[in-house]
Amino acid sequence: QVQIAESGGGLVQSGGSLRLSCTVSTRAFNAITMGWFRQAPGKQRDLVAAISRLGSTIYADPVKGRFTISRDNLHNTVYLQMNSLKPEDTAVYYCNPMVDGVPRGSWGQGTQVTVSS
């Protein structure tokens, strides 16, 4: 079973930055699309950004121009650089392999991001 481990969250002031990391234990990492998702209290889990095996990226409208997703296939890791953070970015952030635009793996514990105003 694929193991997913997210890290890098924390408490930051509005306008600050954080870099999230996600390590995935699969030999097929370099062949799969990876997505970052987030879930705020009382809300559904939404896609934030995704990166294909070839490096093509997509972003949700609220984070365009502020967040950057990247991947290191040698180390089975996907990153999410988050700049100009806003209080509305506060959520638990998760990563997951995606197939046909849908998350397909088991969810990890996520990493909490809290942005204070």
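Residues numbered from 1 in each chain as written. Predicted model: local features only at pLDDT ≥ 70, side-chain atom pairs only at ≥ 80, totals over all residues. Heavy atoms only, no water.

**Thoughts on the pairing of strand 4 (residues 33–39)**
Quick note on the threshold: Buried, partly exposed and exposed residues are distinguished by accessible area as a fraction of the type maximum, computed with a 1.4 Å probe on protein chains only: under 20%, between the cut-offs, and over 50%, respectively. In DSSP terms, a helix is any run of H or I states spanning at least four residues, a strand is any run of E spanning at least two, and both are numbered starting from the N terminus. Strands pair, by our definition, only if DSSP identifies at least two bridges between them.
Within strand 4, five of the seven residues are buried, leaving the element largely enclosed by the surrounding structure. With five bridges connecting them, strand 4 and strand 5 (residues 46–51) associate as antiparallel partners. Bridge pairing in strand 5 links Trp36 to Ala49. Connecting strand 4 to the next strand, strand 5, in antiparallel fashion are six residues, including Gly42 with a positive phi near 80°.

**A closer look at the environment of Gly16**
Spelled out, the test is: Working rule for contacts: check all heavy atoms of both residues, and any pair within 4.5 Å makes them a contact.
Locating Gly16 in the fold gives a position in the loop between strand 2 (10–13) and strand 3 (18–24). Once residues lying within four places of it in the same chain are set aside, the contact partners of Gly16 are Met82, Asn83, Ser84 and Leu85.

**Digging into the pattern of salt bridges**
Note the following rule: Salt bridges, as used here, are contacts in which a Lys or Arg side-chain nitrogen is within 4 Å of a carboxyl oxygen on Asp or Glu.
Applying the stated criterion to the full structure yields three salt bridges. Note that Arg38 is salt-bridged to Asp89, the shortest N-O span being 2.9 Å. Of this pair, Arg38 sits in strand 4 while Asp89 sits in the loop between strand 8 (77–82) and strand 9 (91–99), placing them 51 residues apart in sequence. As far as burial versus exposure is concerned, Arg38 and Asp89 are alike and both buried.

**Points about the state of the cysteines**
The bond known as a disulfide is covalent and runs between the sulfur atoms of two cysteines. Counted only if it meets this: The rule for a disulfide is simple: a pair of cysteine sulfur atoms within 2.5 Å.
Under the definition given, this model contains one disulfide. Each disulfide pairs two cysteine sulfurs, and for Cys22 the partner residue is Cys95, the sulfurs being separated by 1.6 Å. The sign of the S-S torsion, about 45°, decides the handedness of the disulfide formed by Cys22 and Cys95: right-handed. Taken as a pair, Cys22 in strand 3 and Cys95 in strand 9 lie far apart in primary sequence, 73 residues in all. Note on Cys95: relative accessible area 0%, which makes it buried.

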